[in-house]
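# Fold and geometry: a report
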Amino acid sequence: MSLSPISDALAALRAGTPVIVIDDELRDSEGSVVLAAETATGDMLASMGHWMGGLIGLPVCPKRAALLQLTPTSPSLAPAAGADADIRANALREIASSAGALEHRPWYFVPLIAAEGGVTARAGHTEATVDLLKLAGLAPVGALAELVARDGQTLRPDELEDLSTERGWPLISIAELVKYQAQHATDGREPAPRARRVSLRAEATVPTNHGTFRFLAFKDHITGMDHLAIVSGELTDTALVRVHSECLTGEAFGSQKCECGPQLDAALQAIDAEGGVVIYMRGHEGRGIGLINKLRAYSLQEKGLDTLDANLALGLPADARDYGAAAAMLQDLGVTNVRLLTNNSNKVGQLTALGLTVVEQVPLVVGVGPNNHGYLETKRDRMGHIIADGRLEAAMVQTPPSDAN
């Protein structure tokens, strides 16, 4: 993929031109379009509208969010329907120039508060937007939207590249932004020590049904969550690694709507057999939307929506998970090159942008049944999960059919 220099992206943002941001140079990398709030114009927002799917996000840095009295649970700056491009552009410029809470709050956007530390703490599109604006010398308030095709499908990397060429919008990756900041942020001075994302708080040996493991509990200083590193044997660089998202319904109750329980079991069996680590990420329920919203999405799926459209219908991202703490935990354990047990290429992209090297992506297709086969097809066909042809059908053969109605 042909990427633009970061300096071109900064110049474009100063000039009021959008920038396309992708996770990494992977074939299933997702793309967003980014615009500086303080240079927004109605004409530019209108020209962007054709490719902008769903609601428009309002990425802000934590300090500006506090001044504007925005929180992650603020009402969506939402009813965008009926608000034309000029009204939205005026609202963006007003938010960017405000030093405090707005007297008349123009709720046309969804607040997105970047993690402290930017892309070095969380390799997300929100953090990339805020970091780019700061580097460009602009107010750390932007507009962000997923890029989609006419049929609503997420644009593929080759389509993103074509759009960049056609519109003259620079195309950059979060991984390259991380490198750029490391090279340019210090201006020849010694870099300030970066705040630690996680810290080890407890360690114990725990016998389980899958073997005896070392359980290491880490505190995440951004989210406040406690995460686990479940270690088997002596860790080596190029260790077998599973970064697993908490799933109460699948792991505790054996829900057949997902494959999370069987994936965790298989990962623990794999590291027991050959050594490695399972990073267990709490707070990732429902791909990061939480237990209540996950059940709301299930209800929509019962009415015919797939797992992706159900999230979007609720005004939520398809996948809101952040792997910054997982990368920090692995680095604390001395593991920087990993053989990653995953089907999810977005996970590979985030971990790569956070400084890890994925030397091998090891498929983990287990727990397939009649109640989740369509869910896994959606992950494969619409969310970029790499599942080889025939793997779902082969796994179905090995999975006893459910008697659930």
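These lines cover the structure that appears in this document, whether it is placed above or below. (Residues numbered from 1 in each chain as written. Predicted model: local features only at pLDDT ≥ 70, side-chain atom pairs only at ≥ 80, totals over all residues. Heavy atoms only, no water.)

## What about the environment of Ile20?
- Within the fold, Ile20 resides in strand β1 (residues 19-22).
- In this structure Ile20 comes out as buried when scored by relative accessible area, which is 0%.
- Those residues within four positions of Ile20 in sequence are excluded, and the remaining contacts are Ser32, Leu147, Leu160, Leu163, Ser164, Trp169, Pro170, Leu171 and Ile172. (Helix = DSSP H or I, 4+ residues; strand = E, 2+ residues; numbered from the N terminus. Buried < 20%, exposed > 50% of the residue type's maximum accessible area, 1.4 Å probe, protein only. Contact = heavy atoms within 4.5 Å.)

## Remarks on the pairing of strand β9 (residues 226-232)
- Taking burial as the measure, the 7 residues of β9 include 5 buried ones, the bulk of the element.
- Inspection of the sheet shows strand β8 (residues 211-220) paired to β9 by 6 bridges, in the antiparallel sense. From the neighbouring strand, Lys219 faces β9, where its bridge partner is Asp226.
- Where β8 folds back on β9, the antiparallel hairpin that results is connected by 5 residues, among which Gly224 adopts a positive phi of roughly 80°. (Pairing = 2+ DSSP bridges.)

## Some points on the side chain of Ser199
- Relative to the helices and strands, Ser199 resides in strand β7 (residues 198-208).
- Judged by its relative accessible area of 14%, Ser199 is buried.
- Of note is the side chain of Ser199, whose polar atom sits 3.1 Å from the side chain of Arg201.
- Among residues more than four places away in sequence, those in contact with Ser199 are Ala217, Phe218, Lys219 and His221. (Polar contact = N/O pair within 3.5 Å; in protein donor to acceptor, adjacent residues only side chain to side chain.)

## Overview of helix α11 (residues 291-302)
- With 12 residues, α11 extends 17 Å between its outermost C-alpha atoms, agreeing within 8% with the 16 Å of an ideal straight helix rising 1.5 Å per residue.
- Among the residues of α11, Asn293, Lys294, Ala297 and Tyr298 are the ones counted as buried. Along α11, the residues classed as buried sweep out an arc of 150° about the axis, all on the same side. Residues of α11 that are exposed and point over 90 degrees away from its buried face: Ile292 and Glu302.
- As for α11, its buried residues are in contact with α8 (248-251), α10 (285-288) and α12 (307-313).
- Remark: Gly304 follows α11 within two positions and exhibits a positive phi of approximately 115°. (Expected span 1.5 Å × (residues − 1). Arc of directions from axis to C-beta.)

## Some thoughts on a nonpolar patch on the surface
- A surface patch of nonpolar side chains, about 380 Å² in accessible area, is lined by Leu248, Phe253, Leu291 and Leu295.
- Owing to a relative accessible area of 34%, Leu291 belongs among the partly exposed residues under this scheme. (Patch = residues over 30% accessible without salt bridge, like charges linked within 9 Å, V, L, I, M, F, W, Y side chains within 5 Å. Areas by Shrake-Rupley, 256 points an atom, 1.4 Å probe, with all protein chains shown as cover. Salt bridge = Lys/Arg side-chain N within 4 Å of Asp/Glu carboxyl O.)

## A closer look at the pattern of salt bridges
- The tally for this structure, following the rule as stated, stands at 14 salt bridges.
- With a shortest N-O distance of 2.8 Å, Arg122 and Glu127 are connected by a salt bridge. Here Arg122 matches Glu127 in class, with each residue buried.
- Between Arg339 and Glu274 there is a salt bridge whose closest N-O contact spans 3.0 Å.

## Quick word on the packing of aromatic side chains
- Applying the stated criterion across every chain yields a total of 0 aromatic pairs.
- Residue placement shows Lys257 over the ring face of Tyr298; its charged tip is 5.1 Å from the ring centre. (Phe/Tyr/Trp six-rings, centres within 6.5 Å; stacked < 30°, edge-to-face > 60°. Lys NZ or Arg CZ within 6 Å of the ring centre and 35° of its normal.)

## Concerning the pairing of strand β12 (residues 337-341)
- Here strand β10 (residues 239-245) runs beside β12; their pairing, made up of 3 bridges, is parallel. In the strand pairing of β12, Val241 is matched with Leu340.
- Each parallel crossover has a hand, and for β12 linked through helix α14 (residues 345-353) to strand β13 (residues 357-362) it is right-handed. (Right-handed = clockwise from strand over helix to strand, strands pointing away.)

## Overview of the nonpolar core
- One finds Val21, Leu132, Ile174, Ala229, Val241, Val243 and Ile279 to be the most contacted residues of the largest nonpolar core, which totals 49 residues.
- A per-element tally of this core places helix α13 (residues 324-332) first, with 6 residues.
- One finds Leu35, Leu92, Leu147 and Leu163 within the second-largest nonpolar core, a separate group that totals 31 residues. (Core = buried A, V, L, I, M, F, W, Y, C linked by side-chain atoms within 4.5 Å.)

## Side note on the state of the cysteines
- Throughout the structure, instances matching the rule amount to 0 disulfides.
- With no disulfide of its own, Cys247 lies 3.7 Å from the sulfur of Cys260, the closest cysteine sulfur.
- On the basis of relative accessibility, which here comes to 4%, the residue Cys247 falls in the buried class.
- With no disulfide of its own, Cys258 lies 3.5 Å from the sulfur of Cys260, the closest cysteine sulfur. (Disulfide = S-S within 2.5 Å.)

Honestly, it's all geometry; don't read function into it.
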